[in-house]
Amino acid sequence: MNRSRIANYLQSVFLMLCAASFLAGCATVLPDLDPPKVTIENIRSLPVEGSGPRFEISLRIVNPNSMDLDIAGISYTMDLLDNEVISGVTNDVPVIEGYSEEVVTVEAGINLFEVLRLIGSLGRSRAELDYRFQAKIDFNGLVPTQRIEETGTIAL
C-alpha cells in the first residue's frame, strides 16, 4: 500500500512538471508585438434609417511589426469631454501585412443622451474640447489583445 501511494505521488509530480514545461514553452512562442497604431482618417454622416444617426468612420491601421496581423475584430469608442458619443464594432478587417497599413471603413452609432450632455457642457464657455479615442483589437491565433488610446484637445 505504501508503494502505491509513492507511485501515485511521483506520477502527480511528473504530470505537474510536464504541464509547467508545456506552459513555459507556450509563453516563449507568443510573439513580442508593438501595438498597431489606429488613427481616424475620416468621419462621414450616413443617411438616417430608423435607428438614429450613424456614421462611417475610416480608421487607418498601421502595422509596425514584421508579421502579418490577422485581426478578428475591433471595438472602438470616441469620447468628447468625457462623454462617450460614438461607439461601434467590426469584424470585417483585412489581414494587415507586416510593415504596412490599411484603411478600414466601419460604421458607428451615437449615444444620444451623451450627445445631449455634451451640448449642455458646451454651453459653459470653453476654449478647448478634450477627446479620447479608444480601440480594442482582438487577433486570430495566439497574439494577445491590444488596447490603444489616443487623447488630446481640439481648440474651439
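See the structure shown above.
Residues numbered from 1 in each chain as written. Predicted model: local features only at pLDDT ≥ 70, side-chain atom pairs only at ≥ 80, totals over all residues. Heavy atoms only, no water.

Asks: Sorry if this is basic, but what is going on with unusual backbone geometry here?
Replies: Only a minority of non-glycine residues have a phi that is not negative, and only a minority of peptide bonds are not trans. Of note, Leu-81 is a non-glycine position whose phi angle comes to about 50°, a positive value. Considering the arrangement of structural elements, one finds Leu-81 in the loop between β3 (71-80) and β4 (83-90). Residue Leu-81 is classed as buried on the basis of its relative accessible area of 12%. (Helix = DSSP H or I, 4+ residues; strand = E, 2+ residues; numbered from the N terminus. Buried < 20%, exposed > 50% of the residue type's maximum accessible area, 1.4 Å probe, protein only.)

Asks: Would you mind showing me how to read the sheet that holds strand β6 (residues 128-139) here?
Replies: Strand pairing in a sheet relies on backbone hydrogen bonds. The paired strands run either parallel or antiparallel. Pairing within the open sheet is antiparallel, and its seven strands lie in the order β1-β2-β5-β4-β3-β6-β7. The outermost strands of the open sheet, each flanked by one partner alone, are β1 (37-46) and β7 (146-155). Each adjacent strand pair in this sheet contributes to an overall mean axis angle of 25°, direction not counted. Alignment of β3 against β4, held across seven bridges, turns out to be antiparallel. (Pairing = 2+ DSSP bridges. Axes fitted to C-alpha atoms, helices over the stretch in contact; angles between N-to-C directions.)

Asks: Please clarify how the environment of Gly-88 should be interpreted in this entry.
Replies: Among the secondary structure elements, Gly-88 is positioned in strand β4. In this structure the C-alpha to C-alpha distance between Gly-88 and Ala-108, which are 20 residues apart in sequence, comes to 4.6 Å. Setting aside chain neighbours within four positions, we find Gly-88 in contact with Ile-74, Ser-75, Tyr-76 and Glu-107. (Contact = heavy atoms within 4.5 Å.)

Asks: Looking at this model, I keep getting lost on a nonpolar patch on the surface. Mind explaining?
Replies: A contiguous nonpolar patch, built from Leu-112, Phe-113, Leu-116 and Ile-119 and spanning about 450 Å² of accessible area, is present on the exposed surface. Relative to the helices and strands, Phe-113 resides in helix α2 (residues 112-122). Judged by its relative accessible area of 61%, Phe-113 is exposed. (Patch = residues over 30% accessible without salt bridge, like charges linked within 9 Å, V, L, I, M, F, W, Y side chains within 5 Å. Areas by Shrake-Rupley, 256 points an atom, 1.4 Å probe, with all protein chains shown as cover. Salt bridge = Lys/Arg side-chain N within 4 Å of Asp/Glu carboxyl O.)

Asks: Teacher, can you tell me more about the environment of Gly-141 here?
Replies: Along the chain, the position of Gly-141 falls in the loop between β6 and β7. Judged by relative accessible area, Gly-141 falls into the exposed class, the value being 65%. Between the C-alpha atom of Gly-141 and that of Asp-70, which follows or precedes it by 71 residues, the distance is 7.9 Å.

Asks: Sorry, what's going on with the pattern of salt bridges here?
Replies: Think of it this way: side chains of opposite charge can pair up when their charged atoms draw near. Counted under the stated rule, the structure contains seven salt bridges. Its salt-bridge partner being Arg-60, residue Glu-41 comes within 2.9 Å of it at the nearest N-O pair. Note that Glu-41 is positioned in strand β1 and Arg-60 in strand β2 (residues 54-63), a separation of 19 residues in sequence. Take Arg-60: its relative accessible area is 22%, and that puts it in the partly exposed class. Arg-54 is the salt-bridge partner of Glu-107, the closest N and O atoms lying 3.8 Å from each other. Residue Glu-107 is found in strand β5 (residues 100-110), and its partner Arg-54 is found in strand β2; the two are separated by 53 residues along the sequence.

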